[in-house]
Amino acid sequence: MSGSQQHSRRVDTQVDAQYGIDVSRLDAAVLWRITAMAFRHRLRMAVAVVATLCAGGFQLLVPQYLGRAVDQARGLLAGAAAGEVARSAAEDALLTTALLLLGAAIARGSFTMLQNYQGEAVGQLIGYRLRLDYYRKLQSLSLSWHDRVHTGDLMTRGILDIEGVRLWVDTGVLRSILLTVLIGGGAVVLLRNDPVLALAALSFVPIVGIRASIARLKLRDTWIALQDQMSLLTKVMEENLGGIRVVRAFAAQAHELARYDAISDTALAIASRRVRLFVLSTTQMTFVYFLAMALTLWVGGTKVVAGEVTLGQLAEALAFMLILQMPVRQIGWMINSIARASTCGGRLFNVLDLEPSISDAPDARPLQVTDGVLRFENVGFRYPAAARDDRILEDVSFEARPGKMIGIVGPPGSGKTTIAQLVGRFYDVAEGRITLDGQDIRGVTLKSLRAAVSIVPQEPFLFTASIGHNVAYGDPWAGRTDIEKSAQMAQLHSYIKGLPQAYQTLVGERGVSLSGGQRQRLSIARAVLPDAKVLVFDDSTAAVDAATERRIREALREFTRDRAVIVIAHRLSSLMHADEILFLEGGRIVERGSHDALMQQGGRYAQLYELQARSVAGEGAGEGSR
Amino acid sequence: MSAPEKTPTAPHPEQGPGHAMGERPAPLAVVGSQVDQEEELFGRAFDPWVVKRFLEYLRPYRRRIALGVAAVLTFTATQLSIPLIVRAAIDHALAEGAGDLDLLQLFVGVFVGVVALNYAANHLMEATVSRTAQNLLFDLRRAMYAHLQVVSLSFMDKTEVGRLMSRLQGDVYALQEFLESSIFAIGDLVLLFGIVAVVLSLDTVLGGLTLSVVPLLLLVRIVWLPLARKAFMAAREASSAVNGALAENVHGIRAIQELGREEVNFRLFDAKARTNLNAHLLASKFTNVMIPIVDTLTGSAMAIVVVAGGSMVLSDRLDIGVMVAFLFYVQRFFDPIRSLTLQYSIMQRAMAAGQRIFEVTDVEIEVKDAPDAEDPAGIDGAVEFRNVTFGYVPGHPVLHDVSFKVAPGETVALVGPTGSGKTSTTALVHRFYDVWDGQVLVGGRDVRAVTQASLGRHIAMVLQEPFLFSDTVEANIRYAHVAATRADVEAAAKAVGAHDFILKLPQGYDTMLEQRGANLSLGQRQLISFARALVADARILVLDEATANVDSYTELEIQRALARLLQGRTALVIAHRLATIRGADRIIVLQDGRKIEEGRHDALVAAGGLYARLYRMNYASFDDIPDEEIAKATRGEGAT
């Protein structure tokens, strides 16, 4: 990521959430870019294009040979009317034509195979490349961007849009070439024979072609409408089944069915309209095609009678119609694939061209961890797109030293979580700086920074893999003993051991479902496994009960002896033992000091303590008695 | 079906540390879901039971289907006759010397007539078949969905939503595809036999010679199909594996970045993407290898017609028009054969899908309204359990002989360790399940003697995890009582203290809750679910208190809202918070499905039983207490 180009670099923070859906249907630049990607596979594309040309050429030979065979069978080309010599010459000629016909058919088949295979291979290679690029890009884009986009939208891009781009080579590029060869070549051959007959035979091409294109685009619109409706229906069904207890609890089945029916009926109406459109267009195309055939028979027949063309030439014209029928119907399909590739490619490139706002500086070096001292120096922060005075944090300074614990507390929205995010450099500070062992975290590589700090998030994400995999997520090379030790610290080991497959038990739908507290404990185990120097607990024990939390704290004591710890919590018992407590309000530190000092001060902290002591009176009492 | 590839992983620590120290071992890492796909994709090609059930759904459309079949036959006949007309025109109007323009015009007229008929039949065919298939798809899905609304919760409990969804979608589509294709398959079959018959009747010898390529093609297809199908399935599985890994990258991005897994994951993803690439290339080879084979056979058939037919024409044993007709027919041989062999896979898929669909529609409804069920307008709000025994699995009761009474207006807290039967108790009040023995009475009536709808009206439930629908805030609050006015909704929201934050949402009460209220905090979701229960205005409230901690400010609001909600109602509360437990009129302590203590907080503490011991252990919720501690408490050696 070379830092400072002037040309229109789009950084992910500058793109708003409704980014770039309005890609126009046919964007030549996008299509060109995809085509260029295809031609990067030079050899395969060359083979595919040559094969397409050959396949078309050989296919053009077939009707000509058929026509010739008809004439030969009638003895016209053999010259004389009858006679044994002429007859055997005619039979020889027929044999030659038959062999040529067979040869042309085999050649056409082989070249078509080559064309299709190489076309698809190039498409698949492009798909593979795009998939990797897309995956990597998503990994590198900042969390603030990920927060703003819909996951479903990202999935659509990664699945359907890649598919749309991939098909472009085959259905867009190669098929256009084939169609041009067939129609162009066919027209030349037929026109040379007899212009009028040729026009009759080809009369269906423009009509069917245009009809097919219009129908395709209309079908596409109804398809999109249907998809929208179906995804609505899916949502309704999914929520109903997921919330079946609520539905039953309020006896809302009738209401739910009515809701379902309303959407389902609309969907059915669209689906029926789609069927009607489809039926209309296909039957009309067949109709026009057969009418053209009747016309050809009439015009050609009249000419045969008049002696202007031979019967063989009439047969040839009819045979041409036979081979042109399918490709012409596919014109609509091609037009669709052009539109699709353009839209899909546009949507895909929109993401691929984004620059992550958080990335390594050009001269970034790996972090040199010496003591593990984290400092916030007059840090100010606001979200990238926010207005100037919309500050989340203002003038926040503190120092976290190894073996010491900083507690951060404050009302919702006071900026607590933001501090955790800043430590891992998921956002950049707007003012001031954050250093780790004296190095500004913006000047070191992200990889080394994130290896040095471990953040236990508020809502842990568990992967659909075994519990062991989940614990080892941050350090996949960890040994078994280390993994178990981490789980022990998080007070989760004995629970895991009790599961039927212990650490190999799957997490999620088909495996165990963990409670909120267990998930948080797993997330703690995950965070202490890698050897990080700074640990940030971001409200990560909210669902863990106080007694278990205390045991976790005790278990971690040894571990945190040489590490800096930041605990963000709203339950004061989680952080009252901290060496320094920061009380945040409106993004500023309004009080700081030890628990005792703050209690004496009698300010916001003391008030909060009173509040909590009252609502969890029992808990407080028990705490004292132990 | 096994997961497509397990290469770069050593699944678990059990095998972990054994790796050599020297070179870097494979990481203990995977991307994408590790859950195997369980469902069979293909079944038997013909399953009479499935077909029979399927026909029931077809019955309403039988006239349309008959029409469709007739249309298909007509369509096929017209297609078949076109080369014959061309042949007749050539032989009778154009053959040597006999140029007859009138006759030619007659044939062209017939041609146009046949084309018109073809058009009509085609139209009718596509319209009836596709529309019926479409209707059927919606019918099947609705039948399944409607059935799921009434089947017992015990079925829903053990079936994952994802699995039901795949039946409601994928399986239904498989049946639609089957229906659409099977009628066209009839057409193909008729066309194939029609061509054979016409070709043989035109000229037996030439026909026989030409048709000799057909068995060859059939043979090739039969060998090819199972191999190709394997390749196609491998490609499909590889695709879903790649997409699953991508989904994980999208949903878990925060954890991935926080834990620095980008590099490892990318390498694993690359392996998956590469597998996918290769699987698709192989599948493509299988698809495309058929092209030259079919073309060669078509070419052979044409060559046979040219050589054999041509020489027969030369010796005047065959009309030239017949030869032309043959050349036309040869081009049409192969389409029906191709689609017919594909039909076999479609049928297999449809049978497997049908099996799964009808499994759902056949799930027995265990909890049904009795024929003479009452629908009382008002009840007094008393709840009583009389010697109730109940369980989910035969032989394993979770409640044993439980009896208690809740007087109208009383608040009773249910407490006890996880698995003690609290949730089952509340579920029985609403008759989500039927008891094995004993009786549950609501308002003095056995719950089996009244309609389920009346229970729904008189009992409001608040679940532990507030479940909101992706609808507006207002619709969510009104959910329990659709007829409630906006004023009712606002009054309820005000009463529970939700009004203020709702007004701060972008569109107030009309704000759409995205993804079930993901844009609200947990505390806010809870308040909305309280408001929902308040709008229901039921005599009886069943509440499963949330366990998760929220910040102290919200906590206070929730406690206040709860007090408002309990006012003037009979309440059965699965309580986790001490504040709630102590505020209850009475506490019932459950353990292992038995009621072991009952009374007020102070009395129970004084009595020094399980409750007192658990209370002194000072856990925020009894659910969190580790098993060994409970065992100790039960034995009477709890915390002192």
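Just so we're clear, the structure is a prediction, and the values are computed from it rather than from any experiment.

Our next topic: the overall build of chain B. If you tally the helices and strands in chain B, you get 22 helices and ten strands. Within the span of chain B, comprising 640 residues, buried residues form 56% of the whole. A sequence separation of at least 24 residues applies to 76% of the contacts in chain B between residues at least 6 apart. Of the roughly 26300 Å² of accessible surface on chain B, 57% is carried by carbon and sulfur atoms.

Take the interface of chain B and chain A next. On the chain A side, the residues contacting the 167 residues of chain B number 152 residues. In this structure, the connection of chain B to chain A is made through three salt bridges. Asp261 of chain A is the partner of Arg142 of chain B in a salt bridge, and the nearest nitrogen-oxygen pair spans 2.5 Å. Of the residues in the side of chain B that touches chain A, the class split is 94 nonpolar, 42 polar and 31 charged.

As a further point, take helix α9 (residues 262-314) of chain B. Here α9 of chain B is 53 residues long and its end C-alpha atoms lie 76 Å apart, about the 78 Å a rise of 1.5 Å per residue gives. Following α9 of chain B by one or two positions, Asp316 of chain B has its phi on the positive side, about 65 degrees.

Unusually for a residue other than glycine, Asp539 of chain A sits at a positive phi of about 50 degrees. In this fold, Asp539 of chain A is placed in the loop between β7 (534-538) and α17 (546-559). Here the phi dihedral of Asp316 of chain B falls at roughly 65 degrees; this positive angle occurs in a residue that is not glycine. Inspection of the secondary structure assignment puts Asp316 of chain B in the loop between α9 and α10 (320-332).

All names here are of chain B. Of all five residues that make up strand β3 (residues 411-415), five are buried, and the element is covered over most of its length. Burial along β3 is two-sided: the residues Thr411, Ala413 and Val415 and Val412 and Leu414 are all buried. Pairing of β3 with strand β9 (residues 586-591) involves four bridges; the strand directions are parallel. Within β9, the residue paired with Val412 across the bridge is Arg586.

Below, the discussion takes up the nonpolar core. One broad trend across soluble globular proteins is that nonpolar side chains are buried collectively. Residues and elements named next belong to chain B. One finds Ile477 and Phe530 to be the most contacted residues of the largest nonpolar core, which totals 131 residues. When residues of this core are assigned to their parent elements, the largest contribution, nine residues, is made by helix α3 (residues 101-150). Setting aside residues up to four positions removed in sequence, Ile477 forms contacts with Val489, Ala493, Ile502, Tyr509, Ile528, Ala531, Arg532 and Val535.

The next point concerns the UniProt feature "transmembrane region" (unreviewed entry) in chain A. Residues and elements named next belong to chain A. Mapped onto the present numbering, the UniProt feature "transmembrane region" (unreviewed entry) falls at residues 43-62, 93-111, 167-190, 196-214 and 277-299. The distance from the first to the last C-alpha atom of residues 43-62 is 29 Å, and the span holds 100% helix and 0% strand. Secondary structure across residues 93-111 comprises 100% helix and 0% strand; the distance between its end C-alpha atoms is 26 Å.

With that out of the way, let us pick up the packing of helix α7 (residues 204-242) of chain A against α3 of chain B. Between α7 of chain A and α3 of chain B, whose axes approach to 11 Å, the crossing angle comes to 20 degrees. Here α7 of chain A is positioned roughly parallel relative to α3 of chain B, judged by the angle of their axes. Note that α7 of chain A runs across α3 of chain B; the crossing there is left-handed. Of the residues in α3 of chain B, those in contact with Met230, Leu233, Val236, Met237, Asn240 and Leu241 of chain A of α7 of chain A are Phe138, Arg141, Tyr145, Leu148 and Gln149 of chain B. Taken together, the residues of the contact of α7 of chain A with α3 of chain B break down into eight nonpolar, two polar and one charged.

Residues and elements named next belong to chain B. Judged by pairing direction, the sheet is mixed, and its six strands sit side by side in the order β6-β7-β8-β3-β9-β10 without closing on themselves. Of all strands in the sheet, those bounded by a partner on one side alone are β6 (459-462) and β10 (594-599). Taken pair by pair, the neighbouring strands of this sheet meet at an average axis angle of 20 degrees, ignoring direction. Where β9 lies against β10, five bridges are found, and the strand directions are antiparallel.

Residues and elements named next belong to chain B. The buried fraction of strand β7 (residues 540-544) amounts to five of the five residues, a majority that puts the element mostly inside the structure. Every second residue of β7 is oriented toward a common face, with Ile540, Val542 and Asp544 on one face and Leu541 and Leu543 on the other, all of them buried. In the sheet, β6 pairs with β7 via four bridges, with the strands oriented parallel. Looking across to β7, one finds that Val462 is bridged to Leu543. Two strands pair when backbone bridges link them, and β7 and strand β8 (residues 570-574) are joined in this way by five bridges, in the parallel orientation. Opposite Leu543, over in β8, you have Val573 as the bridge partner.

Our focus in this paragraph is the confidence of the model for chain B. Here chain B shows a mean pLDDT of 80. Residues at 70 or above account for 88%. Confidence over residues 1-22 of chain B falls short of pLDDT 50; this stretch has 48 contacts with residues more than four positions distant or in other chains.

With that out of the way, let us pick up the pattern of salt bridges. Following the criterion strictly, the structure yields 44 salt bridges over all chains and no others. Salt-bridge contacts for Glu263 of chain B lead to Arg136 of chain A; the nearest nitrogen and oxygen are separated by 3.3 Å. Within this pair, whereas Glu263 of chain B is found in helix α9, its partner Arg136 of chain A is found in helix α3 (residues 84-140), the two belonging to separate chains. You can call Glu263 of chain B partly exposed: its relative accessible area is 37%. On the basis of relative accessible area, Arg136 of chain A is assigned to the partly exposed category, the value being 34%. Here Glu431 of chain A makes a salt bridge to Arg382 of chain A, at a shortest N to O gap of 4.0 Å. With a gap of 49 residues between them, Glu431 of chain A in strand β4 (residues 431-436) and Arg382 of chain A in the loop between β1 (374-381) and β2 (393-400) connect regions that are remote in the sequence. Assessed through its relative accessible area of 28%, Glu431 of chain A is described here as partly exposed.

Calculation rules
- Residues numbered from 1 in each chain as written.
- Chains lettered and ligands numbered in written order.
- Predicted model: local features only at pLDDT ≥ 70, side-chain atom pairs only at ≥ 80, totals over all residues.
- Heavy atoms only, no water.
- Helix = DSSP H or I, 4+ residues; strand = E, 2+ residues; numbered from the N terminus.
- Buried < 20%, exposed > 50% of the residue type's maximum accessible area, 1.4 Å probe, protein only.
- Contact = heavy atoms within 4.5 Å.
- Areas by Shrake-Rupley, 256 points an atom, 1.4 Å probe, with all protein chains shown as cover.
- Salt bridge = Lys/Arg side-chain N within 4 Å of Asp/Glu carboxyl O.
- Nonpolar A, V, L, I, M, F, W, Y, C, P; charged D, E, K, R; others polar.
- Expected span 1.5 Å × (residues − 1).
- Pairing = 2+ DSSP bridges.
- Core = buried A, V, L, I, M, F, W, Y, C linked by side-chain atoms within 4.5 Å.
- UniProt positions renumbered as here; feature names shortened; annotations may be inferred.
- Axes fitted to C-alpha atoms, helices over the stretch in contact; angles between N-to-C directions.
- Parallel < 35°, antiparallel > 145°, perpendicular 65-115°, else oblique.
- Left-handed = near helix turned anticlockwise from the far one by under 90°.
- pLDDT = per-residue confidence, 0-100.

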